[in-house]
Amino acid sequence: MWTFTSDVEEYAAVAEPFLLGDPVGNTVALTILANLRAGMPVKDPLFGWWRVDGEVRGAAFRTPPHPVGLAVMPVEAIAPLVAELRDDLPGVVGRVELTDEIMRLLGRPGRVVSERLYRLGTLSVPDVPGQGRPAVPADFPLLVSWYQAFGDEVGMGEGDVAERVAHRLAGRQLFLWEAGGAPVSLAGLSPAAGGVCRIGPVYTPPSCRRNGYGAAVTAYASQIGLAERCRQVVLFTDLDNPTSNAIYQAIGYEPVSDYAHLTYP
């Protein structure tokens, strides 16, 4: 049976122990929970957990304008979830076995973005000219511009971009690669949640691409994560971008599981 609340602390008390059972697979759920408990603003959130015989075996969350996120859970949890949220499912993201079930129940969405979750094995630092550094307040206009460009490019914006960048900058979550004395690539690194940090976004402006800067800034942010923040580092890629998938594997990221992001009209 599904139970829902808008109270993040009620949700955390019930669902967090379940989510921590698979901190890699539930990286998004745990990161969002950590951000909300740290004061990240959100309007009209919804959190849910699925119990079988009194045991929590599934969880879902919605933090507008983002889609409904699905934790790792059995496929049989999806039909009752859809029955509860049928009139309010403009977007869903989760493992493909779960999103496949949603498509079976609701039909083909207007858009499907196929993604893959990777976990860092042994980091191989690429030999790329330049150096990495944490982003600083003086970088704010550039970061907002690049965040906006990234959202436009992938077709998935993040609401108020300036607010999002300010939050991440204050939390020391953004890193730049510099070459020739100027920033050439950006990588985000989430706070640790369940011992796991997540890279993203990674953005290199078109004029600076094909120089290895994306791989370099990803490796740099990964090193920071392992040295200072977490035991494991993960990232998501768009499966329609074979270049990025190859780059991340080349520096040591290994596939974990496939996901899909569904958008309904």
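For clarity, every value in this text was computed on a predicted model and none was experimentally measured.

Caption draft 1: Inspection of the environment of Glu9 at higher detail. Positionally, Glu9 belongs in helix α1 (residues 8-19). For Glu9, a relative accessible area of 41% translates into the label partly exposed. For the pair Glu9 and Glu254, spaced 245 residues apart in sequence, the C-alpha to C-alpha distance is 34 Å.

Caption draft 2: Examining the side chain of Arg168 more closely. Looking at the element boundaries, Arg168 is found in helix α6 (residues 161-170). Given a relative accessible area of 4%, Arg168 falls into the buried group. Among the polar contacts listed, one links the side chain of Arg168 to the backbone oxygen of Gly200, at a separation of 2.8 Å. If we ignore the near neighbours within four places in the chain, the residues touching Arg168 are Tyr147, Gln173, Leu174, Gly188, Leu189, Ser190, Gly200 and Pro201.

Caption draft 3: How the structure looks around the packing of helix α3 (residues 78-85) against helix α4 (residues 96-106). Viewed as axis vectors pointing N to C, α3 and α4 meet at an angle of 55°, and their least axial separation amounts to 10 Å. In terms of orientation, α3 and α4 fall into the oblique class. As α3 packs across α4, the resulting crossing turns out to be right-handed. Counted together, Ile78, Ala79 and Val82 of α3 and Leu98, Glu101, Ile102, Leu105 and Leu106 of α4 form the full contact between these two elements.

Caption draft 4: Inspection of the sheet that holds strand β12 (residues 253-263) at higher detail. Spatially, the 12 strands line up as an open sheet ordered β1-β2-β3-β4-β5-β12-β6-β11-β10-β9-β8-β7, and their pairing is mixed. Here the strands that pair on one side only, and so sit at the sheet edges, are β1 (2-5) and β7 (131-134). Direction aside, the axes of adjacent strands within the sheet are offset by 25° on average. With 2 bridges connecting them, strand β3 (residues 55-62) and strand β4 (residues 68-70) associate as antiparallel partners. Its bridge partner lying in β4, Phe61 is registered against Gly69. Set on the sheet, helix α2 (residues 27-37) makes contact with β2 (46-52), β3, β6 (111-120), β10 (196-203) and β11 (232-238); between it and β10 the angle comes to about 95°. Packed onto the sheet, α6 meets β8 (174-179), β9 (182-189) and β10 and runs at close to 85° relative to β8.

About the cut-offs
Residues numbered from 1 in each chain as written. Predicted model: local features only at pLDDT ≥ 70, side-chain atom pairs only at ≥ 80, totals over all residues. Heavy atoms only, no water. Helix = DSSP H or I, 4+ residues; strand = E, 2+ residues; numbered from the N terminus. Buried < 20%, exposed > 50% of the residue type's maximum accessible area, 1.4 Å probe, protein only. Polar contact = N/O pair within 3.5 Å; in protein donor to acceptor, adjacent residues only side chain to side chain. Contact = heavy atoms within 4.5 Å. Axes fitted to C-alpha atoms, helices over the stretch in contact; angles between N-to-C directions. Parallel < 35°, antiparallel > 145°, perpendicular 65-115°, else oblique. Left-handed = near helix turned anticlockwise from the far one by under 90°. Pairing = 2+ DSSP bridges.

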